[in-house]
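Listed below, chain by chain, are the residues.
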Amino acid sequence: VGHCHPDVVKAAHEQNQLLNTNSRYLHDNLVDYAERLSKTLPERLCIFYFLNSGSEANDLALRLARQYTKHEDVIVLDHAYHGHLTSLIDISPYKFRNLGGQKEWVHVAPLPDTYRGLYREDHEDPVTAYANEVKNIIEQAQKRGRKIAAFFVESLPSVGGQIIPPAGYFQKAAEHVRKAGGVFIADEIQVGFGRVGKHFWAFQLQGEDFIPDIVTMGKPTGNGHPIACVATTKEIAEAFAATGVEYFNTFGGNPVSCAIGLAVLDVIEKEHLQAHATEVGNFLMKLLKEQKVKHPIIGDVR
């Protein structure tokens, strides 16, 4: 919402003067913020965990998936980056290829890139072809006695090159993953909160019929303040709680962070920033496409 947005600064300052405490102590801001976030998401995603960073959010998503499915293995897209914790370096080909290499429980699917990927715009059905790659990975893993816990994917792969997956890919890939007993995790850390313009969440670009099992949020959540979130279903949250080991995060969901989160949502709404992203985005795309016509060196605009 812009550097040092006055509404966000004011919300932080006012709450700082009243109370900031660790989240063992109940505070209305936490519930108010969860309620506001829930209005932006499909109804099924109704349980919220608050944390301090996108990496924390993705690490928790991994734990939730494994506890719920009782499986270990994770499928990720090539070139993916999901965070800087050890658990996330392990599922980030962008990182692990230069570090300790690929773990046996990690499976890498091709990036659904219709410009320079395996199946391109001229392919008769790139959506099914890319989803079948996920299906093949699952079948190969199962032959080795492996079980899939999750398909972990950025809703719009950013480090991989701002790739926009063809609509319908998530639905078909999720079908194969869920059939294998896994869950679909949408990483919205770089692309959520109206940044894609047409929708509030980038996974919604796939179509209204698609709902992930877990959604993770980070960067834009607090406009630079460290706040992050994991949204999931009651079924997954209940399986996680059934261990008797509660999830606790000292600063995740503290009153100041939640006041800031609420202020950010207010600004997005009040200043029509999602519509603004669409308008400015369309304007830029139009001009860049005109350049593409003029200059053969420009291959793709996205």
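Because the structure is a prediction, the values reported are computed rather than measured. (Residues numbered from 1 in each chain as written. Predicted model: local features only at pLDDT ≥ 70, side-chain atom pairs only at ≥ 80, totals over all residues. Heavy atoms only, no water.)

Concerning the nonpolar core
Here's step 1: Counting 54 residues, the largest nonpolar core has Tyr-33, Leu-37, Val-134, Phe-151, Tyr-169, Phe-193 and Met-217 as its most contacted members.
Here's step 2: The element contributing the most residues to this core is helix α9 (residues 255-270), with nine residues.
Here's step 3: Leaving out residues up to four positions away in the same chain, Tyr-169 has contacts with Leu-77, Pro-110, Pro-112, Val-127, Tyr-130, Ala-131, Val-134, Phe-151 and Gln-206.
Here's step 4: Formed by 25 residues, the second largest nonpolar core is a distinct cluster that contains Leu-62, Ile-91, Ile-185 and Val-230. (Core = buried A, V, L, I, M, F, W, Y, C linked by side-chain atoms within 4.5 Å. Buried < 20%, exposed > 50% of the residue type's maximum accessible area, 1.4 Å probe, protein only. Helix = DSSP H or I, 4+ residues; strand = E, 2+ residues; numbered from the N terminus. Contact = heavy atoms within 4.5 Å.)

Side note on the sheet that holds strand β5 (residues 183-187)
Here's step 1: Spatially, seven strands are ordered β1-β7-β6-β5-β4-β2-β3 in an open sheet, and the strand pairing comes out mixed. Two strands in the sheet have a free side with no partner beyond their single neighbour: β1 (47-51) and β3 (106-109). Neighbour-to-neighbour, the strand axes of the sheet open up by a mean angle of 20°, direction not taken into account.
Here's step 2: Pairing analysis gives four bridges linking strand β6 (residues 214-217) to strand β7 (residues 228-232), with the strands arranged antiparallel. Note on β7: the bridge partner recorded for Val-215 is Ala-231.
Here's step 3: Sheet contacts for helix α8 (residues 234-241): β1, β5, β6 and β7; angle to β1, the most-contacted strand, approximately 60°. (Pairing = 2+ DSSP bridges. Axes fitted to C-alpha atoms, helices over the stretch in contact; angles between N-to-C directions.)

Description of a nonpolar patch on the surface
Here's step 1: A cluster of nonpolar side chains, namely Val-280, Phe-283, Leu-284, Leu-287 and Leu-288, defines an oily patch on the protein surface of about 430 Å² accessible area.
Here's step 2: Along the chain, Val-280 falls in helix α10 (residues 273-294). (Patch = residues over 30% accessible without salt bridge, like charges linked within 9 Å, V, L, I, M, F, W, Y side chains within 5 Å. Areas by Shrake-Rupley, 256 points an atom, 1.4 Å probe, with all protein chains shown as cover. Salt bridge = Lys/Arg side-chain N within 4 Å of Asp/Glu carboxyl O.)

Details of the domain arrangement of the protein chain
A common measure of how large an interface is: the accessible area buried when the components associate.
Here's step 1: Looking at the protein chain, the domain boundaries give domain 1 (6-271) and domain 2 (274-301).
Here's step 2: Of note, the centres of domain 1 and domain 2, computed from C-alpha atoms alone, are 28 Å apart.
Here's step 3: Across the boundary between the two partners, domain 1 contributes eight residues, which contact five residues of domain 2.
Here's step 4: Overall, the association of domain 1 and domain 2 removes approximately 550 Å² of surface from exposure, summing both partners, and the carbon and sulfur fraction of that is 52%.
Here's step 5: Here domain 1 is connected to domain 2 by zero salt bridges.
Here's step 6: Joining domain 1 to domain 2, the criterion identifies three residue pairs in polar contact (both at pLDDT 80 or more).
Here's step 7: Within the side of domain 1 that touches domain 2, the residues separate by chemical class into three nonpolar, three polar and two charged. (Domains from an automatic or database assignment. Buried area = accessible area lost by both parts, 1.4 Å probe. Polar contact = N/O pair within 3.5 Å; in protein donor to acceptor, adjacent residues only side chain to side chain. Nonpolar A, V, L, I, M, F, W, Y, C, P; charged D, E, K, R; others polar.)

Considerations on the packing of helix α6 (residues 126-143) against helix α7 (residues 169-179)
Here's step 1: Where α6 meets α7, the closest approach of the two axes is 9 Å, and the angle between their N-to-C directions is 20°. Taken together, α6 and α7 sit at an angle that is classed as roughly parallel. Regarding α6 and α7, the two cross each other, and that crossing is right-handed. Only Tyr-169, Lys-172, Ala-173, His-176 and Val-177 of α7 make contact with α6, whose side of the interface consists of Val-127, Thr-128, Tyr-130, Ala-131, Asn-132, Val-134, Lys-135 and Ile-138.
Here's step 2: For the contact of α6 with α7, a count of residues per class yields eight nonpolar, three polar and two charged. (Parallel < 35°, antiparallel > 145°, perpendicular 65-115°, else oblique. Left-handed = near helix turned anticlockwise from the far one by under 90°.)

Points about unusual backbone geometry
Here's step 1: Positioned with a positive phi, Cys-4 is a non-glycine residue whose angle comes to about 50°.
Here's step 2: Note on placement: Cys-4 falls in the segment before α1 (6-18).
Here's step 3: The residue Gln-162 is not glycine, and still its phi comes out positive at about 55°.
Here's step 4: Structurally, Gln-162 can be placed in the loop between β4 (148-154) and α7.

Considerations on the pattern of salt bridges
Here's step 1: Summed over the entire model, instances satisfying the criterion amount to 14 salt bridges.
Here's step 2: For Arg-36, the salt bridge goes to Asp-266, with nearest N and O atoms at 2.9 Å. Taken together, the positions of Arg-36 in helix α2 (residues 28-38) and Asp-266 in helix α9 put the pair 230 residues apart, joining distant regions of the chain.
Here's step 3: Overall, the relative accessible area of 22% leaves Arg-36 in the partly exposed class.
Here's step 4: One salt bridge in this structure joins Lys-286 and Glu-290, with 3.2 Å as the shortest N-O distance. Of the two residues, Lys-286 and Glu-290 are both situated in helix α10; the distance of four residues between them amounts to about one turn of the helix.
Here's step 5: Here Glu-290 falls in the partly exposed class, since its relative accessible area comes to 37%.

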